[in-house]
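Remarks on the overall topology
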Amino acid sequence: MVLILLVRDYIDRMLHDILGMKVLVLDPQTVGMLSVVYSQSDLLKKEVFLVETMDNASSSRESMAHLKAVYFLRPSADNVQKLRRHLAMPRFAEYHLFFSNILKIQQIQILADSDEQEVVQQVQEFYADFCAIDSYHFTLNIQNNHMYMLPTVVDPPGMRSFCDRAVDGIASVFLALKRRPVIRYQRTSDVAKKIAQETARLMYEQESGLFDFRRTENSSLLLVIDRRDDPVTPLLNQWTYQAMVHELIGIENNKVDLRGYANVPKDQQEVVLSSVQDDFFRANMFENFGDLGMNIKRMVDDFQHLSKSSLNLQSIGDMAKFVSNYPEYRKTHGNVTKHVALVSEMSRIVEERRLMLVSQTEQELACTSGQAAAFEAVTSLLNNESVSDIDRLRLVMLYALRYEKESPVQLMQLFNKLASSSAKYKSGLVQFLLKQAGVDKRTGDLYGNRDLLNIARNMARGLKGVENVYTQHQPLIVQTMEGIVKGRLRDVDYPLVGNHFQQGRPQDVVIFIVGGTTYEEARSVALYNAANPGVRFFLGGSVVLNSKRFLEDLGEAHRISKSSTTI
Amino acid sequence: MATRNRTPLYRKYRDALRHVRSPAGAPSSSGGGGGGPLIEMASLLRSDRTYAPLSTDDPSASSRGAVMVGLPPAWVDVSEEISANMQRAKMKMGELAKAHAKALMPSFGDGRDDQRAIELLTHEITDLLKRSEKRLQKLSMKDSSEDSNVRKNVQRSLATDLQNLSMEFRRKQSSYLKQLRQQKEGQDGVDLEMNINGSKSTFEDDEFEDVGFSEVQMSKLKKSEAFTREREREIEQVVESVNELAQIMKDLSVLVIDQGTIIDRIDYNIQSVAASVEEGCKELQKAERTQKKGGMVMCATVLVILIFIMIVLLILKKIIF
């Protein structure tokens, strides 16, 4: 609950000292950041009786002088301008301004200038500038995520805003943790290098006073890596609960939108999957689909037993007990319905898209070698009518990433087959992917076939056989984490910024993946943390990817790069 | 957790800019324009030393401030009254718990005073809760202004508190009821516990083996009958209040938010407010259009014209004749 508790703590402190009825004004980004950690009923307990966004607060003319306003905003130029208008014509009795990141002196001056009525009581910086979706997983929800795949010259302001947001988010994580880290980055990625260097400049030069925390025994580490070093993980289909829901349906800030789907009961159109509030989800979010099915069946059986026993009420005592347990009963009922709806929807999708078949081949492409067999499998699936376009694209991409250098003729055959069968396929997308994330561009040993140790490990695994074909893939980040803990992360591949040096083993490590994280990686991090209590790993990214989002980013970057080279 | 207080710097700029804006104005007392360090690192404890409530700010600002802090709307008084009621109910519940414990303890005297005290307290608490609930229902009235959102949320939070209070009250009552029942059975059963009336168990009676009822037995029977009746009455009362509270709970459960569901999400509530405001706008526009096109306007216009024509004809008639 670590990251979630940090943000909750900030919000608690914000609201705690201000007495009386309050209104909370947010901007579109802080709404997301707040909603994942704080619920409406929590706000009501703190006497916050109205929540508004910046826009509809400025459009309304109604004066509510019996409320005190608490503003929680990102310190962007846009917000400061809107805030000026609010301060010029105040609607509330008092204004307490909290910004989620570092303010520039100029912004403070602008605000002071427009506060003619002197309604502002305090201006504070509370560094909660990230979405804490799980205990060890945060995201920044950056809109123009595809920027990271493009060179800076294509769109300098876009790249600037992307990097700034990433640096702000990372800095606020460390301020919340009260650590100043040693910074390392992936050598082959320019974007990672830029972000790492700017973060270092911020922490050690520009705001060194702010980051000057008590030096703890072991230092902490920030590792900035690029999504393109492991393009396989976002492309794979997932079979553990949280990752699977995101892959097949889509989770946004812990909310799942089931509105487009038939057979979903009316009150389950939008549901919340939060590991903090939902015990069943917390226990099962990393379980694979088979075990999950059994656990759900058990939960449904328990619930049926409970509701049957509540149906035969014999005496007044029974009735009284039922009425007093009714809120619990209703909550359990809602929870059971929610999980049943999600799992049945996912089962339907699995059936429809033949995902069992497709995913088996995907996992083999990711984990085992054997070019000829792989080619056969992929070809047969491409010929299969019931496999959808996006699945075919993924299969070809996975094959291309693995067997890029072997048998180019067969690779061309696959490209052609893909182009001919899928109408929507933009030609050259797979080649673009290879250009971005091909074997020459990657640092890490994605397939375990560079390092002798890894080859041996793979052979051992192949001989032993796997427990579950569908979850045999292990994301590259697990190797990276082991490397950090054992001190085996090579300086050549992951150099340090400036003249930092790492003394001993780091206690807190934040891994930031430029381009986005996946729930499979978050699962690996959480399981690793549980198994190794000596080190704490935090995972964060610009967005949370599933295969659809990753392909969208790829497509967007491909389109832009095509149009910019033709200019 | 690091935070940084920018208020001193902010006030410094604000004061400086105020002087620039109105150079004739006398320098006001320093609410916070102290020359403290520009960057203040906050510790884990509260860092709001420079936060001063509105009333203790410099006098010139407070006169302006007085205009700002308008009177709160009337419903705020209602909500404050409800929360005061609930506070009182909570206090009384504490007293009731003590009275329950005392009544259940074996005592030599007649437990009637205790019973009365318990009854009184129970009635008072039920009354307070019922009244609070009625006022709560009244709190959500018409008007679709922004204020209504605030009212709805105030209502929700009070409803949650009220529901928790009712549940706790009912739990206390049912446990008292259970213990009462146990005591009643204990009197009829074959154990040797001393109960309130101090009558002994029937174990000794069996030793007499009389066929008829002796005098001692008759009086004992009468006493135990009276006792049983009293106990039954008590139990009925408790059950009645349990049922009343069940009713309150049912009404309240509509108001209370289920934790962990989508309605408990801040972003969902903001969206739905925005959506409903938009829809309301659309409905209004549609209503306007239908009204304009409506037959009513046509009819009214036609009738007015006819009236004018009639008046003209009347005047003409008068003139001609």
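Because the structure is a prediction, the values reported are computed rather than measured. (Residues numbered from 1 in each chain as written. Chains lettered and ligands numbered in written order. Predicted model: local features only at pLDDT ≥ 70, side-chain atom pairs only at ≥ 80, totals over all residues. Heavy atoms only, no water.)

Re the overall build of chain B
- For chain B, the count of helices and strands is eight helices and one strand.
- Element order for chain B, N to C, with α for helix and β for strand: β-α-α-α-α-α-α-α-α.
- Looking at the 321 residues of chain B, the share that counts as buried comes to 34%. (Helix = DSSP H or I, 4+ residues; strand = E, 2+ residues; numbered from the N terminus. Buried < 20%, exposed > 50% of the residue type's maximum accessible area, 1.4 Å probe, protein only.)

Some points on the UniProt feature "transmembrane region" (unreviewed entry) in chain B
- UniProt's feature table lists "transmembrane region" (unreviewed entry) at residues 295-316 of chain B, given in the numbering used throughout.
- Secondary structure within residues 295-316 of chain B divides into 100% helix and 0% strand; the distance between the first and last C-alpha atoms comes to 31 Å. (UniProt positions renumbered as here; feature names shortened; annotations may be inferred.)

A word on the pattern of salt bridges
Residue and element names in this part refer to chain A.
- Enumeration according to the criterion identifies 46 salt bridges over all chains in this entry.
- Notably, a salt bridge pairs Asp12 with Lys46, separated by 3.6 Å at the nearest N-O pair. Placement of the pair is Asp12 in helix H1 (residues 2-16) and Lys46 in the loop between helix H3 (40-45) and strand E2 (48-53), with a sequence separation of 34 residues.
- The class for Lys46 is partly exposed, based on a relative accessible area of 25%. (Salt bridge = Lys/Arg side-chain N within 4 Å of Asp/Glu carboxyl O.)

So, the packing of aromatic side chains
Residue and element names in this part refer to chain A.
- Scanning all chains against the criterion turns up 13 aromatic pairs over all chains.
- When the ring of Tyr136 is compared with that of Phe538, the centres are 5.6 Å apart and the planes differ by 45 degrees; the resulting orientation is tilted. Here the residue Tyr136 occupies a position in the loop between strand E6 (131-134) and strand E7 (137-139), and Phe538 occupies one in strand E15 (residues 536-541), the gap between them amounting to 402 residues.
- Taking relative accessible area as the criterion, Tyr136 reaches 24% and is therefore assigned partly exposed. (Phe/Tyr/Trp six-rings, centres within 6.5 Å; stacked < 30°, edge-to-face > 60°.)

So, the domain arrangement of chain B
- Once the domains are mapped, chain B shows domain 1 (74-189 + 215-259) and domain 2 (262-320).
- Between the C-alpha centres of domain 1 of chain B and domain 2 of chain B there is a distance of 52 Å. (Domains from an automatic or database assignment.)

Focus: the packing of helix H3 (residues 74-104) of chain B against helix H4 (residues 112-139) of chain B
All names here are of chain B.
- The contact between H3 and H4 brings their axes to 9 Å, and the two run at 160 degrees. It follows from the interaxial angle that H3 and H4 lie roughly antiparallel. Between H3 and H4 the crossing geometry is left-handed.
- Grouping the constituent residues of the contact of H3 with H4 by class yields 16 nonpolar, five polar and nine charged. (Axes fitted to C-alpha atoms, helices over the stretch in contact; angles between N-to-C directions. Parallel < 35°, antiparallel > 145°, perpendicular 65-115°, else oblique. Left-handed = near helix turned anticlockwise from the far one by under 90°. Nonpolar A, V, L, I, M, F, W, Y, C, P; charged D, E, K, R; others polar.)

Re the pairing of E15 of chain A
Residues and elements named next belong to chain A.
- Within E15, five of the six residues are buried, leaving the element largely enclosed by the surrounding structure.
- As paired strands, E7 and E15 are joined by three bridges and run parallel to one another. Each residue of the ladder has a partner; that of His137, found in E15, is Leu539.
- Examined bridge by bridge, strand E13 (residues 508-514) and E15 share six bridges and lie parallel to one another. Bridging from a neighbouring strand, Phe512 pairs with Gly540 of E15. (Pairing = 2+ DSSP bridges.)

Topic: unusual backbone geometry
All names here are of chain A.
- A positive phi angle, near 65 degrees, is found at Glu47, a position not held by glycine.
- Classification of Glu47 by relative accessible area gives partly exposed; the value is 34%.
- Backbone geometry at Ser407 places phi at a positive 50 degrees, although glycine is not the residue there.
- Among the secondary structure elements, Ser407 is positioned in the loop between helix H16 (389-402) and helix H17 (408-421).

Some points on the layout of surface pockets
- Within this model, the largest pocket holds a volume of roughly 1100 Å³.
- Around the largest pocket, the lining is made up of 46 residues, and of these Asn141, Ile251, Glu252, Asn253 and Arg549 of chain A lie nearest the centre.
- Looking at the lining of the largest pocket, the elements with two or more residues in it are helix H2 (28-35), E6, helix H10 (241-248), strand E10 (251-252), strand E11 (255-257), H16 and helix H22 (547-566) of chain A together with helix H7 (266-293) of chain B.
- For the lining of the largest pocket, the element with the highest residue contribution is H2 of chain A, accounting for five residues.
- For the lining of the largest pocket, the class distribution of residues is 19 nonpolar, 13 polar and 14 charged. (1 Å grid on protein atoms, 1.4 Å probe; cavity = no way out; pocket = protein on both sides within 12 Å on 5 of 7 lines; lining within 4 Å. Points joined across faces, edges and corners; volume = space filled by probe spheres on them.)

Things to note about a nonpolar patch on the surface
Residue and element names in this part refer to chain B.
- Taken together, the side chains of Val302, Leu303, Ile305, Leu306, Ile309, Met310, Val312, Leu313, Leu316, Ile320 and Phe321 present a nonpolar region at the surface, about 1100 Å² in accessible area.
- One can find Val302 in helix H8 (residues 295-320).
- Under the relative-accessibility criterion, Val302 is labelled partly exposed at 45%. (Patch = residues over 30% accessible without salt bridge, like charges linked within 9 Å, V, L, I, M, F, W, Y side chains within 5 Å. Areas by Shrake-Rupley, 256 points an atom, 1.4 Å probe, with all protein chains shown as cover.)

Thoughts on the state of the cysteines
Residues and elements named next belong to chain A.
- Applying the stated criterion across every chain, the model contains zero disulfides over all chains.
- The cysteine Cys131 is free of any disulfide, with Cys163 supplying the nearest cysteine sulfur at 20 Å.
- Taking relative accessible area as the criterion, Cys131 reaches 4% and is therefore assigned buried. (Disulfide = S-S within 2.5 Å.)

Points about H2 of chain A
- The buried count for H2 of chain A comes to six of eight residues, which makes it a mostly enclosed element.
- If you check the start of H2 of chain A, you find a side-chain oxygen 2.8 Å away from the backbone N of Gln29 of chain A, and it comes from Asp27 of chain A. (Polar contact = N/O pair within 3.5 Å; in protein donor to acceptor, adjacent residues only side chain to side chain.)

Focus: the domain arrangement of chain A
All names here are of chain A.
- You can read the domains of chain A as domain 1 (2-127), domain 2 (133-230 + 475-561), domain 3 (241-353) and domain 4 (355-441).
- Contact with domain 1, which involves four residues of that partner, is made by four residues of domain 3.
- Of the roughly 290 Å² buried at the junction of domain 1 and domain 3 (both faces included), carbon and sulfur atoms supply 62%.
- The tally of links from domain 1 across to domain 3 stands at zero salt bridges.
- Inspection of the domain 1/domain 3 interface yields zero residue pairs in polar contact (both at pLDDT 80 or more).
- Looking at the side of domain 1 that touches domain 3, its residues break down into two nonpolar, two polar and no charged. (Contact = heavy atoms within 4.5 Å. Buried area = accessible area lost by both parts, 1.4 Å probe.)

Some details on the interface of chain B and chain A
- With 67 residues of chain B in contact, the opposing surface of chain A contributes 79 residues.
- Here chain B packs against chain A, burying approximately 6500 Å² in sum over the two surfaces, 56% of which is carbon and sulfur.
- On the surface where chain B and chain A come into contact, there are seven salt bridges.
- Ranked by the residues each element gives to the side of chain B that touches chain A, the list is headed by helix H5 (residues 146-188) of chain B, at 10 residues.
- Here the residues of the side of chain B that touches chain A sort into 34 nonpolar, 16 polar and 17 charged.
- As paired elements, strand E5 (residues 120-126) of chain A and strand E1 (residues 3-5) of chain B share three bridges and run antiparallel to each other. If you follow Glu125 of chain A over to E1 of chain B, its bridge partner there is Arg4 of chain B.

As for the pairing of E13 of chain A
Residues and elements named next belong to chain A.
- Burial analysis of E13 places seven of its seven residues in the buried class, which makes it a mostly covered element.
- Residue alternation in E13 divides its side chains into two sets, Asp508, Val510, Phe512 and Val514 and Val509, Ile511 and Ile513, and both sets are buried.
- Across six bridges, strand E9 (residues 221-226) lies against E13 in parallel orientation. Bridging across to E13, Leu222 finds its partner in Val510.

So, the environment of Ser542 of chain A
All names here are of chain A.
- Mapped onto the secondary structure, Ser542 falls in the loop between E15 and strand E16 (544-545).
- Its relative accessible area of 0% is what places Ser542 among the buried residues.
- Each C-alpha atom, one on Ser542 and one on Thr379, is 35 Å from the other, the two residues being 163 residues apart in sequence.
- A distance of 2.8 Å separates the side chain of Ser542 from the side chain of Asn145, its partner in a polar contact.
- Looking at Ser542, its side chain comes within polar contact range of the main-chain nitrogen of Gly515, at 3.0 Å.

Some thoughts on the sheet that holds strand E4 (residues 92-99) of chain A
- Taken in spatial order, the six strands line up as E2(A)-E1(A)-E3(A)-E4(A)-E5(A)-E1(B) in an open sheet, and their pairing is mixed. If you trace the sheet from one side to the other, it starts and ends with E2 of chain A together with E1 of chain B, each paired once. Ignoring strand direction, the axes of neighbouring strands in this sheet form an average angle of 25 degrees.
- One ladder, built from five bridges, connects strand E1 (residues 22-26) of chain A with strand E3 (residues 64-73) of chain A; its direction is parallel. Paired with Val25 of chain A across the two strands is Tyr71 of chain A, which belongs to E3 of chain A.
- Along the sheet face, H2 of chain A touches E1, E2 and E3 of chain A and points at about 115 degrees away from the line of E1 of chain A.

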